[in-house]
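# Observations on chain architecture
Listed below are the residues making up each chain.
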Amino acid sequence: MTPLLKMEGIYKEFPGVVAVDHVDLELGHAEVLALIGENGAGKSTMMKILGGAYVPEGGRILIDGKETDVSSPQKALDSGISVIYQELNYLNYMSIAENLFLGRLPVKGGKGNRVDHKKLREESMRIQKIIGLDAWDPMTTLEELSVGEKQLVEIGKAYARNVRVLVMDEPTSALNDKETERLFELIRMVKADGISVIYISHKLDEIMAVSDRVQVMRDGKSVGVRKTSEITKDDMVTMMVGRQISDMYPITPLEPGTPVLEVRGLCSGFVRDVNFTLHASEVLGLYGLMGAGCEEILQCIFGAKPIESGEIFVEGQRKEIRSPRAAVAAGMAYVPSERKTEGLVLPQSVRENITLSVIDSFQRPLHLDTKGEVELAGQWAERLNVKTPSLETPVESLSGGNQQKVILAKWMMTHPKILLLNEPTKGIDVGAKVEIYKLIEQFCREGLGVILLSSEMAEVMYTTNRILVVHDGRITGEYSRAEATQDKIMRSAIGE
């Protein structure tokens, strides 16, 4: 049978780099194809070409065997192709109905510019029933919806346009478990309706659960296509980065030193009676299901969230931590989960982001010591292996893994004793994860105490000395690395 979509010999280059090097891709009718690879492998560039955001220097695209012009987003949409990017493209202050039919609002009499609100409501509710948002009034603004529900609206847009190819780029990066399962149900439903899906994700469990075939890219080339039923996660990792899955968690636990942080009776909001001790050279894992209170605990410790009661001790000294500034002064550093909105100043350079936490030290009476700033930023960029064309490159142009290294470099310049990591490998590829783990081990060897909060159970099981499990704002389990099992952790996470 002729494939629904065929991309032949796609070639795309940017100044100084070949992003996609003569790649072929086929998508069958009513099929889910997973497209995987490390950041920079070329998969997003391929999808931007398919969605009309980029025009390739070579190759062609065929729909049902016929060469098709998708040289603009509108032409791609007209050809039945819709791309849902990781950064959702919605209008927060417009209604569900207006977002679903943006640019195609029904008008009275089929012409003119008077919106037919009755028909808009009816058509919106028809789509909302399909995507599972029929409990909402069509005129509800998107600001009232959760991230997961906004994701469903994006899929609804595709339904409203009668698309044939739906591309999803990291669709679950901001979803909880329930929303993720709902998304999977919707993918199965659109597949049953004859729509084909290209699914991009770093989460290999998702790939195994939702796809029919897997195509792997590395360094701008396609390195293999396999049926999902005939490939393992180990195979995928090896194809992506050339290493076995057993090498994904390279941290060797160190012997913990003296206590660097003690939290006693911490209470704030629904966080209640949290007690634990963190030692020098130790990685302490923090795990809980969505909304369990893990992030709130870290924010309280760092002074980003007010504490109602409780005490915090740093190296045996009681500290009043009422602001992030006080936390930094006490020797703490905090890497947030949302690096683009909370950890970086995206338009600024790599140099400016690295030195942001200590910029006052470069201030001179009448000028900024730029030479010293460049020298120190360069040292940290080299030490953490930040891959960037230049220190003056805007940090927004770096891959997720390199952006995360910039944030780590920024905080390490303050010489912290305690490093609080909130989802440090979120949205980065397998190879970059390994680099982050090795940096964590390096920091521990220098005597830092690290708290690692992660929603990935394997990550906390294989990278930490101990694991604290949180449920409903309380610590409900504590396990050494040797004691920890998935069953024990999950039972504690659900409060059993």
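The structure contained in this document is the topic of the report that follows. Since the structure is predicted, the reported quantities are computational estimates derived from the model, not experimental observations.

Glancing now at the overall build of the protein. Along the protein, the regular secondary structure elements total 17 helices and 20 strands. For the protein, the C-alpha radius of gyration of 25 Å lies close to 23 Å, the compact-globule estimate for 496 residues. Taken over 496 residues, the protein has a buried fraction of 50%. Of the contacts formed within the protein by residues at least 6 apart in sequence, a portion of 65% connects residues at least 24 apart. In the form shown here, the protein has an accessible surface area of approximately 22200 Å², with 49% of it arising from carbon and sulfur atoms. For the protein, the centre of its 58 positive side-chain charges and the centre of its 70 negative side-chain charges are spaced 3 Å apart.

Structurally, Gln403 is set in helix H14 (residues 400-412). By relative accessible area, which is 2% here, Gln403 ends up buried. A distance of 3.4 Å separates the side chain of Gln403 from the side chain of Arg339, its partner in a polar contact. Look past the residues within four positions of Gln403 in its chain and what remains in contact with it is Arg339, Lys340, Leu344, Leu346, Val395, Glu396 and Leu398.

Here we come to the packing of helix H5 (residues 147-160) against helix H6 (residues 177-192). One way to put it is that H5 packs onto H6 with a least axis distance of 10 Å and a crossing angle of 10°. Of the possible angle classes, the one that applies to H5 and H6 is roughly parallel. Between H5 and H6, the residues in contact are Gly148, Glu149, Gln151, Leu152, Ile155 and Tyr159 and Glu179, Arg182, Leu183, Leu186, Met189 and Val190, respectively. By residue class, the composition of the contact of H5 with H6 is seven nonpolar, two polar and three charged.

Attention now goes to the sheet that holds strand S12 (residues 271-279). Here we have four strands laid out as an open sheet, ordered S12-S11-S14-S15, and antiparallel in their pairing. A strand with exactly one partner marks an edge of an open sheet, and here the two such strands are S12 and strand S15 (317-319). Taking each pair of neighbouring strands and ignoring which way they run, the sheet shows an average axis angle of 20°. Sitting on the sheet, helix H9 (residues 294-301) is in contact with strand S11 (259-268), S12 and strand S14 (309-314), with an inclination near 115° to S11.

Further remarks concern helix H1 (residues 43-50). Given 3.6 residues per turn, any residue in an α-helix points the same way as the ones three and four places further on. Across the eight residues of H1, six count as buried, placing the element largely inside the fold. Among all positions of H1, only Lys43, Thr45, Met46, Met47, Ile49 and Leu50 are buried.

Take the environment of Glu320 next. Summarising the element assignment, Glu320 is placed in the loop between S15 and helix H10 (324-329). With relative accessibility at 44%, the residue Glu320 sits in the partly exposed group. In the structure, Glu320 is positioned ten residues away from Ala330 in sequence and 9.1 Å away in space, judged by C-alpha atoms. A polar contact of 2.6 Å, which involves the side chain of Glu320, links it to the side chain of Arg318. Here the side chain of Glu320 touches Arg322 through a polar contact of 2.9 Å, side chain to side chain.

Okay, the pattern of salt bridges next. For the coordinates displayed, the defined rule picks out 34 salt bridges. Across the pair Glu320 and Arg318 runs a salt bridge whose closest N-O atoms are separated by 2.6 Å. Using a relative accessible area of 43% as the deciding quantity, one classes Arg318 as partly exposed. A salt bridge links Glu446 to Arg383, with the nearest nitrogen and oxygen atoms 2.1 Å apart. In this pair, Glu446 sits in the loop between helix H15 (430-445) and strand S18 (449-453) while Arg383 sits in helix H13 (residues 370-383), placing the two residues 63 residues apart along the sequence.

Here we take up the nonpolar core. Of all hydrophobic cores here, the largest spans 124 residues; its most connected members are Leu261, Phe276 and Met332. The greatest single-element share of this core, amounting to eight residues, is contributed by H15. Non-local contacts of Leu261, meaning those with residues more than four positions away in its chain, are made with Phe276, Thr277, Leu278, Ile301, Ile312, Phe313, Val314, Met332, Ile418 and Ile451. Ile10, Val23, Ile63 and Val70 belong to the second-largest nonpolar core, a separate cluster that totals 26 residues.

The first and last C-alpha atoms of H13 sit 20 Å apart over 14 residues, in line with the 20 Å expected at 1.5 Å per residue. Contact partners of the buried residues in H13: helix H12 (350-354) and H14. Count one or two residues on from H13 and you reach Asn385, which has phi positive near 55°.

Let's shift gears to unusual backbone geometry. Unusually for a residue other than glycine, Asn162 sits at a positive phi of about 55°. Summarising the element assignment, Asn162 is placed in the loop between H5 and strand S7 (165-169). A positive phi angle is found at Asp219, which is not glycine, with a value near 55°. Tracing the backbone through its elements, the reader meets Asp219 in the loop between strand S9 (213-218) and strand S10 (221-227).

We now examine the packing of aromatic side chains. Taken as a whole, this structure holds two aromatic pairs when the rule is applied. Note on Phe302 and Trp411: the rings are 5.9 Å apart at their centroids and 90° apart in plane angle, and the pair reads as edge-to-face. Placement of the pair is Phe302 in the loop between H9 and S14 and Trp411 in helix H14, with a sequence separation of 109 residues.

Calculation criteria
Residues numbered from 1 in each chain as written. Predicted model: local features only at pLDDT ≥ 70, side-chain atom pairs only at ≥ 80, totals over all residues. Heavy atoms only, no water. Helix = DSSP H or I, 4+ residues; strand = E, 2+ residues; numbered from the N terminus. Rg over C-alpha atoms; globule rule 2.2 N^0.38 Å. Buried < 20%, exposed > 50% of the residue type's maximum accessible area, 1.4 Å probe, protein only. Contact = heavy atoms within 4.5 Å. Areas by Shrake-Rupley, 256 points an atom, 1.4 Å probe, with all protein chains shown as cover. Lys, Arg positive; Asp, Glu negative; His and termini not counted. Charge placed at Lys NZ, Arg CZ, Asp CG, Glu CD. Polar contact = N/O pair within 3.5 Å; in protein donor to acceptor, adjacent residues only side chain to side chain. Axes fitted to C-alpha atoms, helices over the stretch in contact; angles between N-to-C directions. Parallel < 35°, antiparallel > 145°, perpendicular 65-115°, else oblique. Nonpolar A, V, L, I, M, F, W, Y, C, P; charged D, E, K, R; others polar. Pairing = 2+ DSSP bridges. Salt bridge = Lys/Arg side-chain N within 4 Å of Asp/Glu carboxyl O. Core = buried A, V, L, I, M, F, W, Y, C linked by side-chain atoms within 4.5 Å. Expected span 1.5 Å × (residues − 1). Phe/Tyr/Trp six-rings, centres within 6.5 Å; stacked < 30°, edge-to-face > 60°.

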